[in-house]
Amino acid sequence: MYAIAIHGGAGAMPRAALSAEREQLYRAGLAAALDRGYAVLAGGDSSLDAVAAAVRVLEDDPLFNAGHGAALTRDGAAELDAAIMDGRQLRAGAVASVRHVKNPIDLARRVMEKSRHVLLVGAGAEEFALEEQFTLVPNHYFRTAERLAQLESEQRGERMSELLPTSKGTVGAVALDGAGNLAAATSTGGMTNKRPGRVGDSPIIGAGTYAKNGVCAVSATGHGEYFIRAVAAHHVCAAVQYRGLTLQQAVREMLHEILAGMGGDGGLIAVGQDGQVVMDFSSEGMFRGARDSGGRREIAIY
Ligand code: ASP
């Protein structure tokens, strides 16, 4: 059994406000990422390769809030966060506040595999990227006209979701491979109009991203400050491992009891050791997809 699930952010606009044409674009973007990740698993490669491949596709797609098309800081720049975790030995790598790395998820993986560290931020992360011969791009590569309009709209005090289906965004993937290994990856531009230097939950291991063999792999999207405070992704795995909750119960408790009780909303995708995928959210919607070797293939928004 192998399985993969992806998300392209929670916080979708009301169904009526998303044109059929635009919805098709989002669905196509999700399908491309899902199928890319699935092909890696079907080819016998690792869940780590699969989640990285899926997230890379979403980073390159301007519709999603990661890489090209990332949400902008209040100064109009993109500052990107990403993390990846290998459930085999609880190895993890992450980067935060990078401004020139085309695919932050690849750098997060390189941090895991080639440095002695877990999390590198800002200039230090980019120095490492240079040493590792990563392609660096000018910051305006990430900025799209839509994200700029979204920033301006938010700065005028308008509701963000009138402009873009996802006010927050973020992309992520979780997977179980044929060898039974779990992995998770998350990448984001963070929240529109954030202060420069603000880091969300996505690159914080245990908050927005977590994977542990034998238990589950989790990737989060939503209002990051709450997910950090709730240590959301790790909490889900701990509830499964130590309290015997099903994955669905653990995800539900986190979103609809713990985070809701704190005033935070968003979504979680998770896959268990048995290949069961859970995708749940407390926002209006969550761009998401799942595919497994049992024949399931699903893309959904609401
Ligand atoms: N969780 C991300 C952050 O707070 C944003 C999102 O998922 O939409 O940076």
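Residues numbered from 1 in each chain as written. Predicted model: local features only at pLDDT ≥ 70, side-chain atom pairs only at ≥ 80, totals over all residues. Heavy atoms only, no water.

Caption draft 1: Local environment of the nonpolar core. If you look at the biggest cluster of nonpolar residues, it comprises 53 residues, and the most contacted ones within it are Ile 4, Ile 6, Phe 64, Ile 84 and Leu 107. Excluding residues that lie within four positions of it along the chain, Leu 107 makes contacts with Val 95, Val 98, Val 101, Ala 125, Phe 128, Ala 129 and Phe 134. Residues Val 218, Ala 232, Val 271 and Phe 281 belong to the second largest nonpolar core, which totals 41 residues. (Core = buried A, V, L, I, M, F, W, Y, C linked by side-chain atoms within 4.5 Å. Buried < 20%, exposed > 50% of the residue type's maximum accessible area, 1.4 Å probe, protein only. Contact = heavy atoms within 4.5 Å.)

Caption draft 2: Structural context of helix α7 (residues 232-243). When the terminal C-alpha atoms of α7 are compared, their 15 Å separation across 12 residues agrees well with the 16 Å that a helix rising 1.5 Å per residue should span. Along α7, the residues that are buried comprise Ala 232, Ala 233, Val 236, Cys 237, Ala 238 and Ala 239. Against the buried residues of α7 lie β7 (209-212), β8 (216-222), α6 (224-229), α8 (247-262) and β9 (266-272). Positive backbone phi, approximately 70°, marks Gly 244, located one or two places after α7. (Helix = DSSP H or I, 4+ residues; strand = E, 2+ residues; numbered from the N terminus. Expected span 1.5 Å × (residues − 1).)

Caption draft 3: Unusual backbone geometry, seen in detail. The backbone phi angle of Leu 90 is positive, close to 55°, even though this residue is not glycine. One can find Leu 90 in the loop between β2 (80-86) and β3 (91-98).

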